[in-house]
Every structure is written in C-alpha cells, then in structure tokens.
Amino acid sequence: MNEDYVRVPQISTSSKSGPLCVVGSWVIVLILGAQIAWGNMSTYICSYFYHYGNDIEGATMAKFYVVQPLIVFTSLFFFPIGMHISAQYNPKLVLAVSGLITFSSVWISSCTLNPQVFIYLYGLGFGVGKGLFYSTALQSGISHYPERKGMVAGLVVCGFGFGGFTWGLLARYLCNPEDLKPSLLDFNGESLFSPEVA
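Residues numbered from 1 in each chain as written. Predicted model: local features only at pLDDT ≥ 70, side-chain atom pairs only at ≥ 80, totals over all residues. Heavy atoms only, no water.

**Quick notes on the overall build of the protein**
Inference 1: Looking only at helices and strands, the protein features eight helices and two strands.
Inference 2: Across the protein, helices and strands are ordered from the amino to the carboxyl terminus as α-α-α-α-α-α-α-α-β-β.
Inference 3: Across its three principal axes, the protein shows a C-alpha extent of roughly 60 × 30 × 25 Å.
Inference 4: When each of the 198 residues of the protein is scored for burial, the buried share is 43%. (Helix = DSSP H or I, 4+ residues; strand = E, 2+ residues; numbered from the N terminus. Buried < 20%, exposed > 50% of the residue type's maximum accessible area, 1.4 Å probe, protein only.)

Dropping the structure here:
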C-alpha cells in the first residue's frame, strides 16, 4: 500500500487546539448521524410529498427506501477521496467545501416538490458531502494525537451513533409533537401521516 496515501499529517499545535479539533470533529460527525435517523424521518417526508408534492404516484415509501442506500454507497466512494484531498490540501478548506455540499444539497432538496428530484438530490448530495466531511473530520482529529489514533477515532465516530439517536428524537418531536399515528395508506398500502403532520 502506498504510504503517502494513508499518512496522517502531523500538526504542531498548542495545547488547546488538539481538544478543540477533536470536539469539532465529533460535532461534524454528530450532524452526519442524521443519516441513521432516515428511517424515522422517511415516513414524514413521504407523507409531505404525498399531500403537497406534484407527483403523488412518486411519493411512496418504497421509493423513499432508496435514499439510505444511496447515501451509504455514494459516501463509501467519497471516503478515500476525502482522505486523499485532506492529506494534500488544507483540511479546513476541505471541511468548508464538503460542508457546503452537504448542507446545500439538503436545503435545495427541501425546496423541491418532486419526490424523485428530492430522493436523488438528498441521497447523492448528502452522500458526497458525508464521504468528504466524515473522512476529513476523522483525519483532522487523529492528526493532533497520532500516538492515540484509536482513542480519537473512537471518540469521533461515537458522534455518528449519538447523532442518529439525537436526530431521530428531534425529528419526531418537530414533525409530530402530539405523537399522532399514521392514518392514511399510499398506493402500496403503507401507512402515511395526515396533512396536519405532513
């Protein structure tokens, strides 16, 4: 294996920047943990497109199940690219660009009324951003503590799981504070929420 490709740059820093970088990396990965909460959010999003979108037949849960694998496969492709780019260039620049990709794809996809456009914008855009963001955040945290790679990687990665837990609860609270149950059926017989919840 090429040693230059997998090397983690050593950074000489002050005593404050190491912990701040690890905490910042953890927060970035916490935000990316929203991907885990997709199963919780997908019913609300599909219900929204069923009631308010311009393609009712495209708003089925079967089609929205594609988003999670799309994010995973796209991010898997971009993980090594993010590590390579952050080793070659300033990680702050890579984090800024990947953050812009991630958040703009989520924001732009929230503005569409077509479920197919939403699925591909959100799935591909979030996947690309996640692949670049996750690997760069991980590499940035490790670069401050090269003698404790395992501990730092474990701390940063635990943010991903905690993010899924946090975003799942937050999504349910924001979308359905009264804890109403799905009351409608889509074209495939799967449960959807009423317009009040959607």
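Still more ground to cover, so stick around.
**A look at the nonpolar core**
Inference 1: With 32 residues, the main nonpolar core has Leu 32, Trp 38, Met 41, Ile 45, Phe 64, Phe 118 and Tyr 122 as its most contacted residues.
Inference 2: Those elements that place two or more of their residues in this core are helix H2 (17-32), helix H3 (38-52), helix H4 (61-64), helix H5 (67-88), helix H7 (115-144) and helix H8 (149-175).
Inference 3: It is H7 that provides the largest number of residues to this core, a total of nine residues.
Inference 4: What Tyr 122 contacts, discounting residues up to four positions off in sequence, is Trp 38, Met 41, Val 67, Ile 71, Val 106, Ser 109 and Gly 127. (Core = buried A, V, L, I, M, F, W, Y, C linked by side-chain atoms within 4.5 Å. Contact = heavy atoms within 4.5 Å.)

**Regarding the layout of surface pockets**
Inference 1: Each pocket or cavity is described by its volume, and for the largest pocket that value is around 590 Å³.
Inference 2: Around the largest pocket sit 23 residues that line it, and Met 41, Ile 45, Val 106, Ser 110 and Tyr 122 are the ones nearest its centre.
Inference 3: Residue classes in the lining of the largest pocket are distributed as 19 nonpolar, four polar and no charged.
Inference 4: The space that makes up the second largest pocket amounts to roughly 170 Å³.
Inference 5: In terms of lining, the second largest pocket is formed by eleven residues, of which the most central are Cys 21, Pro 91, Lys 92, Leu 95 and Ser 140.
Inference 6: Listed by contribution, the elements that provide at least two residues to the lining of the second largest pocket are H2, helix H6 (91-110) and H7.
Inference 7: Looking at which element gives the most residues to the lining of the second largest pocket, the answer is H2, with four residues.
Inference 8: For the lining of the second largest pocket, a count of residues per class yields five nonpolar, five polar and one charged. (1 Å grid on protein atoms, 1.4 Å probe; cavity = no way out; pocket = protein on both sides within 12 Å on 5 of 7 lines; lining within 4 Å. Points joined across faces, edges and corners; volume = space filled by probe spheres on them. Nonpolar A, V, L, I, M, F, W, Y, C, P; charged D, E, K, R; others polar.)

All quantities given are derived from atomic positions and should not be read as evidence of function.
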